[in-house]
Amino acid sequence: MQSALILAGAAIAQVANAHSHEARHARLHGKRVIVTDVEVDVVTVWETVTAGGAAAPTTQAQYVAPTSQAPGNHGPAPSAYSSAASSVSVAAAPSVYSSAASSISVAPVASSSSAAAPSSTLVTSVSSAASVAAYSSSSAAAPSSYAVSSSAASSTAAPSGSGVSASNLTPNGKKAGLSGYIGIQNTQSFSDMAPHISWYSDYTPNTPDEQGVTGIGMLWGADGSPCGSDMTTRLATYEQMMANNTIPSIMFGFYEPDCACTMSSDMSTSDAATQWESLIAPLAAKGTVLGSPSMCKQYDEDFLTPFKSAIQTDWDVTSIHINKPNVTEAQKDVEYYVQTYGKKVWVSEFACVNDQPSWSPCTDQTQIDTFINDVVSYFEGSSDVVAYGPSNGAGLGDAWPLTDSTTGELTATGTTYVNAIKGL
């Protein structure tokens, strides 16, 4: 990529005044313009810059600020170059410059392929998930038994950049997301959804950011859960994150402890409370937003009240699952949790399910489409709902899953969801 640099040189008579002004900067895709607050006589210098053939940033190559690195971001972060020297050199774009210089000169521009700024970090996504073709909603086990990711979380002492804070619980200002499975970020359906969602979950503690979508972590289960090797592997991953001082901006825990393995994490209230205080509560002092355990039994649950009484560190946002056949029942779920626990809710899963008198996923596409459009409209309009995402896991029949288990492409349900959230 070639660009022209236009440098306004300072008039010698006014150079001494430069120290009293803060430098300003501007960044363009095609060229860089550097402007200072120095009064100038204009000298124009043209220089052709070759940026090592690097392509402009796209949604597939996300820039991440050096202080908010998270696994799965692609591409080098913009460098932060600060100079108190007597000259300012123009380095590879994109960069941020500040200068207390007494003179200004143009230096040859380094190739972006060979010169990385000291503050830049390149983080790549690693996944050990099996191919999408191997996933089948009819034969695969619950989220607890999906393959465990080998993605290594980057170490940082500050919360990662999801945009979630105690005062702003909606990821990057956009509610719509996705509850998926490990490897879903490698599917075509995810790429089709990515421009329209802000977050996704794959049920692991170190869900990687992908294609501009923030991965939201979850400690699925802990000691006291009998749910086997996947639970213990994810717990080990979480403990390694804590040992590395990898502090997420938000962490959920636990996954449906009020129901049995393998679909849920199956923990007693006393075990869940003990493990919450030991493993998750310490993150609060480091700035992490805490998401409650999510309930299997929806507004019929009887777990969170004794759990809340047994813990000393409260959660910040209530994670809820909605498996209902219509928006009226979905609204009852939301209202129950808001009224009972006095906090806003994050709908970490929703699906069209006839849950009474027994569990029966919706099979009629018209009913599913109506349900999606109605609940998206309701979630978007409710100040009690800070985020929401449809479930894409097992146990939901053939009509509901948003991703085709063979091709990885959007199903009719997935297409309906994308159309419902476009432009939000």
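Residues numbered from 1 in each chain as written. Predicted model: local features only at pLDDT ≥ 70, side-chain atom pairs only at ≥ 80, totals over all residues. Heavy atoms only, no water.

Looking at an unreviewed UniProt entry, one finds the chain named Asl1-like glycosyl hydrolase catalytic domain-containing protein, with Friedmanniomyces endolithicus as its source organism.

This brings us to the environment of I368. With respect to the secondary-structure elements, I368 resides in helix α6 (residues 365-381). Classification of I368 by relative accessible area gives buried; the value is 0%. C-alpha separation for the pair I368 and P325, spaced 43 residues apart in sequence, amounts to 8.2 Å. Setting aside residues up to four positions removed in sequence, I368 forms contacts with C352, C362, A399, W400 and T413. (Helix = DSSP H or I, 4+ residues; strand = E, 2+ residues; numbered from the N terminus. Buried < 20%, exposed > 50% of the residue type's maximum accessible area, 1.4 Å probe, protein only. Contact = heavy atoms within 4.5 Å.)

This part covers the packing of α6 against helix α7 (residues 412-421). One can describe the packing of α6 onto α7 by two numbers: an axis separation of 10 Å at closest approach and a directional angle of 25°. It follows that α6 is roughly parallel to α7 by the angle criterion. Judged by the sense of rotation from one axis to the other, the crossing of α6 with α7 is right-handed. Of the residues in α7, those in contact with Q365, I368, D369, I372, N373 and V376 of α6 are A412, T413, T416, Y417, A420 and I421. (Axes fitted to C-alpha atoms, helices over the stretch in contact; angles between N-to-C directions. Parallel < 35°, antiparallel > 145°, perpendicular 65-115°, else oblique. Left-handed = near helix turned anticlockwise from the far one by under 90°.)

Counted according to the given criterion, the structure contains three disulfides. Shown here is the disulfide that connects C259 with C296, its sulfur atoms set 2.2 Å apart. Taking the torsion about the S-S bond as the criterion, the C259 to C296 disulfide, at about -75°, is left-handed. Highlighted residues: C259 in the loop between β12 (250-253) and α3 (269-280) and C296 in the loop between β13 (289-291) and α4 (304-310), separated in sequence by 37 residues. Among the residues examined, C259 registers a relative accessible area of 16% and is labelled buried. Under the relative-accessibility criterion, C296 is labelled partly exposed at 23%. Each sulfur of the disulfide joining C352 and C362 lies 2.1 Å from the other. (Disulfide = S-S within 2.5 Å.)

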